[in-house]
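# Structure assessment
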Amino acid sequence: MDLTVVCTFFPLPADRGDPVRVLMILRALARVRAYTLFVVRRAETTPEQVDELRKMLPGVRVEDFPATPYRLDRLGPAGRYPEALAAGMPPWVRSRYSRPMHVRLRARAGLGLAIGEAAGAYLAGTRLRWHWDKANVLADSSRQDLAEASGVAHRLRARHLVTASTRFEAQALARCDTVSVTSEAEAARLLRWHGRTANFTLASCVPIPAGHTPRPAARALVWLGSFAYRSNLLGLRRFLAEGWAPLRRAGYTLTLVGSGLTDRVRVDLAAYDGVTVAGYAEDLRPVLGRSAAAVVPLWSGAGVKLKTLTLLAHAVPVFSTTIGAEGVPATAAVRIADTPQSLAEEILRTSRADLDAMAVEGPRLIHAELSEQRFAERLVRSLTHCGYLHPAEGY
């Protein structure tokens, strides 16, 4: 039976976050069977990048489509929000929607795999039997955004997104036959908000970096994440305000690495003594190789945090909140504390010998439990159990 796979943004191999998960799903499936991939291009996607994707997925038929622009985009949010609401989508989902792609999908039959939250927009009006691989439960994550909202305009926008996201998610879940999430905590959220039991959980994974030889400097800490993601920035600022001072007095430094950095955020964060705001790094190996440990101060956010896995793969000991370590198997490579002060205290009382032992455990965990090979095996096994792959199409 034909298999149709849908993802709503063009996945480039250099991307981090959700695109990495998308790419690994696509590669895992390509190793066991042929399928047709429907993908929405970004505005900046080039024909050469589309060709690169086809080369990465031998035997896969790739059909790419442009996103359908907003008719009232010139009006900004005042135009986009009503148009998205009329389409039954949150605005960020509507921005990834391609009407021509949806028309083509309505003509197809067989099995369908929708990857990512926004892919839920394509389940309506089709004859495909759908499995939806979700990164997180929107009904929960949108409420976290509302709890963190500041200012009247932000709160009004957040309330709108809670309603729109929850309704969109409920409608998409009603149209899919099976569903997967990234962690047991996400499965509990899915059951809580929608009364839906996840058919399986599939934690994200990361590759082991090639040619990586750590040479950590004493008392050199690192923070890794997108500065544009509100939960990341709120957590970092809270840690700096409430937990950084004792670490700085003990001689620690902190390097901040990630995309989405604005000039205003750079100036605000650089005001803290001992903090270097590095911003985006194309190659993480040099900066992570110099880091004695990493801090992951998150008090909100959903699913398995790819940055935590990336740090572990690079042999960086991790000091994290419970949310920052969600979905990561129990390991000596991660130590948990849930306040900024206790995170600082945990770092201060960890010896160099203990850090060395934690550094060894990180890559070992990734290789054993969270590598691309293990991810592929679990994905294929789980989809076979749900009837989307034939038992012969295994690893």
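Now for a look at the structure at hand. (Residues numbered from 1 in each chain as written. Predicted model: local features only at pLDDT ≥ 70, side-chain atom pairs only at ≥ 80, totals over all residues. Heavy atoms only, no water.)

Take the sheet that holds strand E11 (residues 293-296) next. With parallel pairing, six strands are arranged side by side in an open sheet as E10-E9-E8-E11-E12-E13. Strands at the two margins of the open sheet, each flanked by one partner only, are strand E10 (275-279) and strand E13 (334-336). When the angles between neighbouring strand axes are averaged without regard to direction, this sheet yields 25°. Each of strand E8 (220-224), E11, strand E12 (318-320) and E13 is contacted by helix H14 (residues 340-348), which is oriented at about 155° to E12, the strand it contacts most. (Pairing = 2+ DSSP bridges. Helix = DSSP H or I, 4+ residues; strand = E, 2+ residues; numbered from the N terminus. Axes fitted to C-alpha atoms, helices over the stretch in contact; angles between N-to-C directions. Contact = heavy atoms within 4.5 Å.)

Considering soluble globular proteins, one finds that nonpolar side chains tend to be buried as a cluster. Counting residues in hydrophobic clusters, the biggest one holds 59 residues, and the most contacted among them are Val-5, Leu-29, Tyr-35, Leu-37 and Leu-311. Examining the composition of this core, we find that eight residues originate from one element, helix H1 (residues 18-30), more than from any other. Sequence-distant contacts of Leu-311, that is, excluding residues within four places in its chain, are made with Val-222, Leu-224, Leu-288, Ala-294, Val-296, Val-316 and Val-318. Counting 30 residues, the second largest nonpolar core, distinct from the first, contains Leu-105, Ala-119, Ala-121 and Leu-138. (Core = buried A, V, L, I, M, F, W, Y, C linked by side-chain atoms within 4.5 Å. Buried < 20%, exposed > 50% of the residue type's maximum accessible area, 1.4 Å probe, protein only.)

Time to look at the packing of helix H9 (residues 230-242) against H14. Between H9 and H14, whose axes approach to 8 Å, the crossing angle comes to 70°. In terms of orientation, H9 lies roughly perpendicular with respect to H14. At the point where H9 passes H14, the crossing takes the right-handed sense. Contacts between H9 and H14 pair Arg-238, Phe-239 and Glu-242 from the former with Pro-340, Gln-341 and Leu-343 from the latter. (Parallel < 35°, antiparallel > 145°, perpendicular 65-115°, else oblique. Left-handed = near helix turned anticlockwise from the far one by under 90°.)

Right, let's get into the side chain of Thr-4. Along the chain, Thr-4 falls in strand E1 (residues 3-7). For Thr-4, a relative accessible area of 0% gives the class buried. If near-sequence neighbours (up to four positions away) are discounted, Thr-4 is found in contact with Thr-36, Phe-38, Leu-105, Arg-108, Leu-111, Gly-112, Leu-113 and Leu-128.

Okay, the packing of aromatic side chains next. One pass over the structure, following the stated rule, counts three aromatic pairs. A ring pair is formed by Trp-223 and Phe-227, whose centres lie 5.0 Å apart and whose planes are at 45°; its orientation type is tilted. Phe-227 shares its class with Trp-223; the two are buried. We note Arg-129 situated over the ring of Tyr-388; from NZ or CZ to the ring centre the distance is 4.4 Å. (Phe/Tyr/Trp six-rings, centres within 6.5 Å; stacked < 30°, edge-to-face > 60°. Lys NZ or Arg CZ within 6 Å of the ring centre and 35° of its normal.)

Its place among the elements puts Val-32 in the loop between H1 and strand E2 (36-41). The class of Val-32 is buried, set by a relative accessible area of 17%. It is 51 Å that separates the C-alpha atoms of Val-32 and Tyr-272, two residues lying 240 residues apart in sequence.

Here we come to helix H15 (residues 352-369). Over its 18 residues, H15 extends 26 Å from the first C-alpha to the last, a length consistent with the 26 Å expected when each residue adds 1.5 Å. Inspection of H15 places Leu-355, Met-358, Ala-359, Gly-362, Leu-365 and Ile-366 among the buried residues, and these make up the whole buried set. Along H15, the residues classed as buried sweep out an arc of 135° about the axis, all on the same side. The exposed set on the far side of H15, more than 90 degrees from its buried face, consists of Ala-353 and His-367. (Expected span 1.5 Å × (residues − 1). Arc of directions from axis to C-beta.)

The parallel open sheet is built from seven strands, whose spatial order is E3-E2-E1-E4-E5-E6-E7. Looking at which strands have only one partner, the edges of the open sheet turn out to be strand E3 (61-66) and strand E7 (200-201). Inspection of the sheet shows strand E5 (residues 127-133) paired to strand E6 (residues 178-181) by three bridges, in the parallel sense. Across the sheet, the residue bridging to Trp-132 is Val-179, located in E6. Contacting E2 and E3, helix H2 (residues 47-56) crosses the sheet at an angle of about 155° to E3.

Here the focus is the pairing of E6. A two-sided burial pattern is seen for E6, the buried positions comprising Thr-178 and Ser-180 on one face and Val-179 and Val-181 on the other. Inspection of the sheet shows E6 paired to E7 by two bridges, in the parallel sense. In the strand pairing of E7, Ser-180 is matched with Phe-200. With helix H8 (residues 184-194) bridging E6 and the parallel E7, this β-α-β connection has right-handed handedness. (Right-handed = clockwise from strand over helix to strand, strands pointing away.)

Opposite charge on two side chains allows them to pair when their charged atoms are near. Enumeration according to the criterion identifies 27 salt bridges in this entry. Among the ionic pairs, Glu-186 bridges to Arg-189, the shortest N-O distance being 2.1 Å. Of this pair, Glu-186 and Arg-189 both sit in helix H8, three residues apart, which is roughly one turn of the helix. Like Arg-189, Glu-186 is buried. (Salt bridge = Lys/Arg side-chain N within 4 Å of Asp/Glu carboxyl O.)

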